[in-house]
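Architecture at a glance
Each chain, letter by letter, is given below.
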Amino acid sequence: EIRGLARSFNAMTAQIAGLVERQRSFAGDASHQLRTPLTALRGEVEMAIRQPGSAEDVGRRFASQLEEIDKLKRLIDQVLTLARAEAGEIRLTRESIDLGQLAGSLVDQLEPVAQAKGVALHSEPALAPVVVGGDPNWLERLILNLVDNAIKFTPEGGAITVSVSREANTARLTVRDTGIGITPERMPHIFERFFRADPARSSGVEGVGLGLSLAKWIVDRHHGRIAVDSQPGQGSTFSVFLPLAAD
């Protein structure tokens, strides 16, 4: 009995140590990501003070500063949302949602964004309603994150396909792109916070690596699973499996 109690205590200690380490890592990563836009914003302000120029120059500098502020605000919102999610402070509602209809509507909204980058985005409608039970706002965010991620990492001339299908008692959402792909050694880490698939090849891509981490949290809270199949230079396919709503 003492030996069993010792094993349980050691396991609990290891879990606590892991939690502390994850929180420390989260704080360090967040601080690093916040420092970048703040440094850029400070540089813009210092230049505006030291080199007052024409009204046109001042306008451009203010526009650049506003852009950095917007980036900082988006980052803070993402960090706070993920922190609240992992702390269990976010409650999800539960409704019956036609996943195919929701995906099609979001693809229509994001199509202009993809076109502006020269990427073809379209959806393949489901043959019949695919209804799941879940929070409509968070499921919407899940699809938006996956499609936005695909747009970011798909070069001009590429294509993205979003489809919804029914497999036995499971709904399947698939986001397939012809983007840069993910190398095998990086595949196990793509759902980690602040992880970028390939910093060297995506240096011009905006984002801090929180979208997929939040997507996985949403899938987990809906009792589903998310998988990815990818080859470097051949694109990626993200598949989300969710339980169908009861009849």
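This part covers the packing of helix α4 (residues 136-152) against helix α5 (residues 211-221). Two packed helices can be described by the angle between their axes and the distance between those axes. The interhelical angle for the contact between α4 and α5, taken along N-to-C directions, is 145 degrees, at an axis separation of 9 Å. Here the hand of the crossing between α4 and α5 comes out left-handed. Side by side, α4 and α5 meet where W138, R141, L142, N145, L146 and N149 of the first sit next to G211, L212, L214, A215, W217, I218 and V219 of the second. When its residues are assigned to classes, the contact of α4 with α5 shows nine nonpolar, three polar and one charged.

Ranked by size, the top nonpolar core spans 41 residues in total, and within it L146 and L173 carry the most contacts. When contributions to this core are tallied by element, the ones reaching two or more residues are α3 (99-116), α4, β4 (159-167), β5 (170-177), α5 and β7 (235-243). Those residues in contact with L173, other than ones at most four positions away along the chain, are L99, A103, I143, L146, V162, S163, V164, F238, S239 and V240.

A few words on α3. Taking 1.5 Å as the rise per residue, α3 with 18 residues should run 26 Å; its terminal C-alpha atoms sit 26 Å apart, in good agreement. Roughly 40 degrees is the biggest bend found in α3, and it falls at L110, with proline P112 one to four residues downstream. Within α3, the full set of buried residues consists of L99, L102, A103, G104, L106, V107, L110 and A114. Its side-chain oxygen placed 3.1 Å from the backbone nitrogen of G100, D98 serves as the N-cap of α3.

Turning next to the confidence of the model for the chain. Confidence in the prediction for the chain averages 80 pLDDT; 76% of positions are at 70 or higher. When pLDDT is averaged over each element of the chain, β5 comes out on top at 96 and helix α1 (residues 2-50) at the bottom at 69. For residues 198-205, every residue scores under 50 in pLDDT, and the model assigns this stretch 13 contacts once sequence neighbours within four places are set aside.

One pass over the full model with this rule turns up two aromatic pairs. Both rings, one in W138 and one in W217, keep their centres 5.2 Å apart while their planes meet at 70 degrees; by these two values the pair is edge-to-face. Of this pair, W138 sits in helix α4 while W217 sits in helix α5, and the two are 79 residues apart along the sequence. According to the relative accessible area criterion, W217 is buried, its value standing at 11%. Geometrically, the ring pair formed by F191 and F238 is edge-to-face, given 6.5 Å between the ring centres and 85 degrees between the ring planes. Placement of the pair is F191 in the loop between β5 and α5 and F238 in strand β7, with a sequence separation of 47 residues. Grouping residues by exposure puts F191 and F238 together as buried.

Procedures and definitions
Residues numbered from 1 in each chain as written. Predicted model: local features only at pLDDT ≥ 70, side-chain atom pairs only at ≥ 80, totals over all residues. Heavy atoms only, no water. Axes fitted to C-alpha atoms, helices over the stretch in contact; angles between N-to-C directions. Helix = DSSP H or I, 4+ residues; strand = E, 2+ residues; numbered from the N terminus. Left-handed = near helix turned anticlockwise from the far one by under 90°. Contact = heavy atoms within 4.5 Å. Nonpolar A, V, L, I, M, F, W, Y, C, P; charged D, E, K, R; others polar. Core = buried A, V, L, I, M, F, W, Y, C linked by side-chain atoms within 4.5 Å. Buried < 20%, exposed > 50% of the residue type's maximum accessible area, 1.4 Å probe, protein only. Expected span 1.5 Å × (residues − 1). Bend = angle between axes of the 7 residues up to and from the residue. Polar contact = N/O pair within 3.5 Å; in protein donor to acceptor, adjacent residues only side chain to side chain. pLDDT = per-residue confidence, 0-100. Phe/Tyr/Trp six-rings, centres within 6.5 Å; stacked < 30°, edge-to-face > 60°.

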